[in-house]
Amino acid sequence: MKRVASAKGRDLNPMLLTVCFILGIANFSMHKAVAESGHPFVEETKRYFGRHFGPYGSYAIELSLLIGAMWLANAQSLVVVLLYAAYTAINGVASWLLLSNKA
C-alpha cells in the first residue's frame, strides 16, 4: 500500500486517525439522537433488529465500522478515511431528515 505523505514529507498517520476519531464521535452522536427520537420508522427498526442483535446491536455495528476505519487509517489509507467521511455525511443527511420529520 502506498504511504501518504504531506508536502513536507511528514507522516499523515496521526491526522488520519484524528479525523476518523472525530467522525466516529459525530456518527455515535447522530446515532444516539436518532435512536432516542421516537420516530415511528426508528421504533419499528429497533423492534425488528432488537430481536436479532439485542438492544445495543446497532451500536456494536457502528463501533465495528469505526474500528475498521481507524485500523485502515493507521495503515495510511486516505481512501478509507474519505469513504468514512462520506458515510458520516450520509448519516448526517439521514439524521436531519428523521429528526426534522421530513422523512
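Scroll up a little and you will see the structure.
Residues numbered from 1 in each chain as written. Predicted model: local features only at pLDDT ≥ 70, side-chain atom pairs only at ≥ 80, totals over all residues. Heavy atoms only, no water.

Help me out: how do you make sense of the overall build of the protein chain in this one?
In terms of regular secondary structure, the protein chain is built from 4 helices and 0 strands. Going from the N terminus to the C terminus, the protein chain shows its helices and strands as α-α-α-α. Each of the 103 residues in the protein chain was classed as buried or not, and the buried ones make up 27%. For the protein chain, long-range pairs separated by at least 24 residues make up 76% of all intrachain contacts whose partners lie at least 6 apart in sequence. (Helix = DSSP H or I, 4+ residues; strand = E, 2+ residues; numbered from the N terminus. Buried < 20%, exposed > 50% of the residue type's maximum accessible area, 1.4 Å probe, protein only. Contact = heavy atoms within 4.5 Å.)

When you look at the pattern of salt bridges in this model, what are you seeing that I'm missing?
In a structure, side chains of opposite charge can pair up when their charged atoms sit close to one another. Enumeration over the complete set of coordinates arrives at 2 salt bridges. Among the salt bridges present, the one from Glu43 reaches Lys46, with a minimum N-O distance of 3.3 Å. Taken together, the residues Glu43 and Lys46, both in helix α2 (residues 40–53) and 3 residues apart, mark about one turn of the helix. Linking Glu44 and Arg47 is a salt bridge whose minimum nitrogen-to-oxygen distance equals 2.9 Å. One end of the pair is Glu44 and the other is Arg47, both in helix α2 and 3 residues apart, which spans about a single turn. In this structure Glu44 comes out as partly exposed when scored by relative accessible area, which is 47%. (Salt bridge = Lys/Arg side-chain N within 4 Å of Asp/Glu carboxyl O.)

Would you take a moment to explain unusual backbone geometry for this structure?
Glycine aside, the phi torsion of most residues is negative, and most peptide linkages are trans. The residue Gln76 is not glycine, and still its phi comes out positive at about 65°. Take Gln76: it is sitting in the loop between α3 (57–74) and α4 (78–99).

How should I be thinking about the packing of helix α1 (residues 13–35) against α3 in this particular structure?
One can describe the packing of α1 onto α3 by two numbers: an axis separation of 9 Å at closest approach and a directional angle of 170°. By the angle class used here, α1 and α3 are roughly antiparallel. Residues Asn13, Leu16, Leu17, Cys20, Phe21, Gly24, Asn27, Phe28, His31, Lys32 and Ala35 of α1 pack against Ser58, Tyr59, Glu62, Leu63, Leu66, Ala69, Met70, Ala73 and Asn74 of α3. Here the residues of the contact of α1 with α3 are counted per class, giving 12 nonpolar, 6 polar and 2 charged. (Axes fitted to C-alpha atoms, helices over the stretch in contact; angles between N-to-C directions. Parallel < 35°, antiparallel > 145°, perpendicular 65-115°, else oblique. Nonpolar A, V, L, I, M, F, W, Y, C, P; charged D, E, K, R; others polar.)

It is not clear to me how α4 should be interpreted in this structure. Could you clarify?
Helical geometry: 3.6 residues make up each α-helical turn, so side chains three or four residues apart lie on a common side. Taking 1.5 Å as the rise per residue, α4 with 22 residues should run 32 Å; its terminal C-alpha atoms sit 31 Å apart, in good agreement. Here α4 has its buried residues at Val80, Val81, Tyr84, Thr88, Asn91, Ser95 and Leu98. In an axial view of α4, the angular spread of the buried residues amounts to 100°, which keeps them on one side of the axis. Of the exposed residues in α4, the ones pointing more than 90 degrees away from its buried face are Val79, Leu82, Leu83, Ile90, Val93 and Trp96. Tucked inside the fold, the buried residues of α4 contact α1, α2 and α3. Looking one or two residues beyond α4, the residue adopting positive phi is Asn101, at roughly 55°. (Expected span 1.5 Å × (residues − 1). Arc of directions from axis to C-beta.)

Help me understand the packing of aromatic side chains, please; the structure alone is not making it clear to me.
For any pair of aromatic rings, the description rests on two quantities: the centre-to-centre distance and the angle between the ring planes. The final tally for this structure, using the stated rule, is 5 aromatic pairs. Between Phe49 and Phe53, the ring centres sit 6.0 Å apart and the planes meet at 25°, which makes this aromatic pair stacked. Here Phe53 and Phe49 lie together in helix α2, a separation of 4 residues that amounts to about one turn. Put simply, the rings of Phe28, Tyr56 and Tyr59 pair up and form one aromatic cluster. (Phe/Tyr/Trp six-rings, centres within 6.5 Å; stacked < 30°, edge-to-face > 60°.)

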